[in-house]
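So the chains spell out like this:
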Amino acid sequence: AGGQLGDAIGLASGGDRRLSWDLAWGLIAGVAANWLVVKLAPWARGPHAVFLFVVMLAIHVQAVRMLGNDWPRWFSAGLLLCPPLQTWLGAAWALRQPRARQA
């Protein structure tokens, strides 16, 4: 959705502005994913968030390894900083909201 919106508002493909846009949307998507995992966890909400963090960090580390020096260093650093930030923001958001009552 973020990529389509970037195209719609006229962001050119490539370049620092587009990479920043895409990184921000990736961050937003990760926060939403963490919120959903923690919110829907039937028990042990913290371990669910930690597990998603570990999986996301592994994926991001592999992506940075595969990107190598073809991308700006700030983008690679942003990719590595996203998982802890996404987990913290998404889990905190979900934990602030009360659980729905079970019928």
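Fair warning: this is a prediction, and the values are worked out from it, not measured in the lab.

Conventions adopted
Here, residues in each chain are numbered from 1, in the same order as that chain's written sequence. Whole-chain, interface and lining totals are the exception, using all residues; otherwise, since this is a predicted model, local features are given only for residues with pLDDT of at least 70 and side-chain atom pairs are given and counted only at 80 or more. Note: side-chain values were computed over all heavy atoms of the structure, leaving out hydrogens and water. We define a nonpolar core as any set of buried Ala, Val, Leu, Ile, Met, Phe, Trp, Tyr and Cys residues linked to one another through side-chain atoms lying within 4.5 Å. Burial classes: relative accessible area under 20% of the type maximum marks a residue as buried, over 50% as exposed, and values in between as partly exposed (1.4 Å probe, protein chains only). Going along the chain from the N terminus, every DSSP run of H or I of four or more residues is numbered as a helix, and every run of E of two or more is numbered as a strand. Residues are treated as being in contact if the distance between any of their heavy atoms lies within 4.5 Å. In this scheme, patches are assembled from residues that exceed 30% relative accessible area and form no salt bridge. Like charges are connected within 9 Å, while nonpolar side chains (Val, Leu, Ile, Met, Phe, Trp, Tyr) are connected within 5 Å. To be clear on the numbers: accessible area is Shrake-Rupley with a 1.4 Å probe, and residue cover counts the displayed protein chains and nothing else. Salt bridge, as used here, is a side-chain nitrogen of Lys or Arg placed within 4 Å of a carboxyl oxygen of Asp or Glu.

Counting 7 residues, the largest nonpolar core is built from Leu19, Leu23, Val64, Leu67, Phe75, Leu79 and Cys82. When residues of this core are traced back to their parent elements, those giving at least two are helix 2 (15–40), helix 3 (45–67) and helix 4 (73–96). Considering every element that reaches this core, the biggest residue donor is helix 4, with 3 residues.

To continue, consider the side chain of His60. Mapped onto the secondary structure, His60 falls in helix 3. Its relative accessible area of 17% is what places His60 among the buried residues. If sequence neighbours within four positions are ignored, His60 has contacts with Leu79, Leu80, Cys82, Pro83 and Gln86.

Side chains of Leu5, Ile9, Trp25 and Ile28 sit close together on the surface and give an oily, nonpolar patch of about 360 Å² of accessible area. Structurally, the position occupied by Ile28 is in helix 2.

To continue, consider unusual backbone geometry. One non-glycine residue, Ala44, adopts positive backbone phi at about 50°. Assignment of secondary structure puts Ala44 in the loop between helix 2 and helix 3. Judged by its relative accessible area of 29%, Ala44 falls in the partly exposed class.

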